[in-house]
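As a plain string of letters, each chain reads:
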Amino acid sequence: VELNTLQVTSVGPELGANSFEQSLSAGKIGILLVFLFMILYYRLPGLIADIALVLYICIMMFALAALKATLTLPGIAGIILSVGMAVDANVIIFERLKEELMIGKSLRAAIDSGFRRAFLTIIDSNITTLIAAVVLFYFGSGPIKGFAVTLSIGILASMFTAIIVTKQLMKCISGIKALSNKKLYGA
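Basis of the calculations
Residues numbered from 1 in each chain as written. Predicted model: local features only at pLDDT ≥ 70, side-chain atom pairs only at ≥ 80, totals over all residues. Heavy atoms only, no water. Helix = DSSP H or I, 4+ residues; strand = E, 2+ residues; numbered from the N terminus. Buried < 20%, exposed > 50% of the residue type's maximum accessible area, 1.4 Å probe, protein only. Areas by Shrake-Rupley, 256 points an atom, 1.4 Å probe, with all protein chains shown as cover. Lys, Arg positive; Asp, Glu negative; His and termini not counted. Charge placed at Lys NZ, Arg CZ, Asp CG, Glu CD. Axes fitted to C-alpha atoms, helices over the stretch in contact; angles between N-to-C directions. Left-handed = near helix turned anticlockwise from the far one by under 90°. Nonpolar A, V, L, I, M, F, W, Y, C, P; charged D, E, K, R; others polar. Contact = heavy atoms within 4.5 Å. Salt bridge = Lys/Arg side-chain N within 4 Å of Asp/Glu carboxyl O. Patch = residues over 30% accessible without salt bridge, like charges linked within 9 Å, V, L, I, M, F, W, Y side chains within 5 Å. Expected span 1.5 Å × (residues − 1). Bend = angle between axes of the 7 residues up to and from the residue. Disulfide = S-S within 2.5 Å.

**Student:** Report on the overall build of the chain, specifying residues and quantitative values.
**Tutor:** Looking only at helices and strands, the chain features 5 helices and 0 strands. C-alpha extents for the chain along the principal axes are approximately 65 × 35 × 30 Å. Burial statistics for the chain: of 187 residues in total, 35% are counted as buried. About 10,900 Å² of surface is accessible on the chain, with carbon and sulfur atoms providing 70% of the total. Separation between the mean location of the 15 positive side-chain charges and that of the 10 negative ones in the chain comes to 14 Å.

**Student:** A description of the packing of helix H3 (residues 73-102) against helix H4 (residues 107-139) should follow, citing residues and the corresponding values.
**Tutor:** At a minimum axis distance of 8 Å, the contact between H3 and H4 shows a crossing angle of 145°. The crossing of H3 and H4 is right-handed. Here the residues of the contact of H3 with H4 sort into 12 nonpolar, 6 polar and 4 charged.

**Student:** Explain the side chain of serine 152 to me, using residue names and the numbers behind them.
**Tutor:** For serine 152, the position within the fold is in helix H5 (residues 143-174). Looking at serine 152, the relative accessible area reads 17%, which means it is buried. The residues touching serine 152, leaving out its near neighbours within four places in the chain, are Leu130 and Ala133.

**Student:** Give me the pattern of salt bridges: which residues, what numbers.
**Tutor:** Summed over the entire model, instances satisfying the criterion amount to 6 salt bridges. When the shortest N-O distance is used, the salt bridge between glutamate 99 and arginine 117 registers 2.9 Å. Here the residue glutamate 99 occupies a position in helix H3, and arginine 117 occupies one in helix H4, the gap between them amounting to 18 residues. On the basis of relative accessibility, which here comes to 35%, the residue glutamate 99 falls in the partly exposed class. The network of salt bridges with shared partners includes Arg96, Glu99, Glu100, Lys105 and Arg117.

**Student:** Summarise a nonpolar patch on the surface; cite the residues concerned and give the values.
**Tutor:** A surface patch of nonpolar side chains, amounting to about 580 Å² of accessible area, comprises Ile127, Ile131, Val135, Tyr138 and Phe139. You can see phenylalanine 139 is positioned in helix H4. Phenylalanine 139 gets classed as exposed once you look at its relative accessible area, which sits at 65%.

**Student:** Break down the side chain of threonine 150 for me, citing the residues and quoting the values.
**Tutor:** Residue placement: threonine 150 occurs in helix H5. On the accessibility criterion, threonine 150 (4% relative accessible area) is buried. Setting aside residues up to four positions removed in sequence, threonine 150 forms contacts with Met60, Leu64, Pro74, Gly75, Gly78, Ile79 and Ser82.

**Student:** Any details on H5? Residues and values, ideally.
**Tutor:** Here H5 contains 32 residues, and its C-alpha end-to-end distance of 44 Å stays within 8% of the 46 Å for a straight helix at 1.5 Å per residue. For H5, the principal kink sits at threonine 161 and spans about 30°.

**Student:** Describe the state of the cysteines, naming the residues involved and giving the relevant values.
**Tutor:** A complete count under the given rule lists 0 disulfides for this structure. The cysteine cysteine 58 is free of any disulfide, with cysteine 172 supplying the nearest cysteine sulfur at 19 Å. For cysteine 58, a relative accessible area of 35% corresponds to the partly exposed category.

**Student:** Let's hear about helix H2 (residues 44-66): which residues, and what values?
**Tutor:** Spanning 23 residues, H2 covers 33 Å between terminal C-alpha atoms, matching the ideal 33 Å at 1.5 Å per step. Buried residues of H2: Leu44, Pro45, Gly46, Ile48, Ala49, Asp50, Ala52, Leu53, Tyr56, Met60 and Leu64, and no others. Phi for lysine 68, located one or two positions after H2, is positive at around 55°.

**Student:** Any chance you could break down the environment of alanine 157 for me, citing the residues and the numbers?
**Tutor:** Counting through the fold element by element, alanine 157 comes out in helix H5. If we ignore the near neighbours within four places in the chain, the residues touching alanine 157 are Tyr56 and Ile59.

As structure tokens, this is what we get:
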């Protein structure tokens, strides 16, 4: 297939810096809205998810600093996309948890069962996205590779925080009598 160039556009450093700042602001606002949604809709588990998301963001920043990565617009997009996937994993877990609570399981049993039932779904969705990120890294160049790297790191960090950190925090709070009311868990 023959390709014809229809238009070529270059962006000056001022416009690029402005877009970068706007992307950072949009990311901050988006993350704050996600935090609020998780607390309002999922109550106590939403708060736990927010704590895990803060840890996720710290892991991402440390990993990018360790790699001496330069944050670009595609890199920010990769981070925001992986934040969405981290939230998605928590949503899947918490919906399973609510189902388990509604059929009458104890809080501790519902947590164990909810995580167990959500595990394969979370792994499947994250592995397929990780495969796409590897393909983008292998065949892409420049900004596409940056997107693939941040997306890959984000996926791994989100799986760790959703599957391990959230589960441990949920188990810890389930042992606190004042926090054992099932209504605090959305059931």
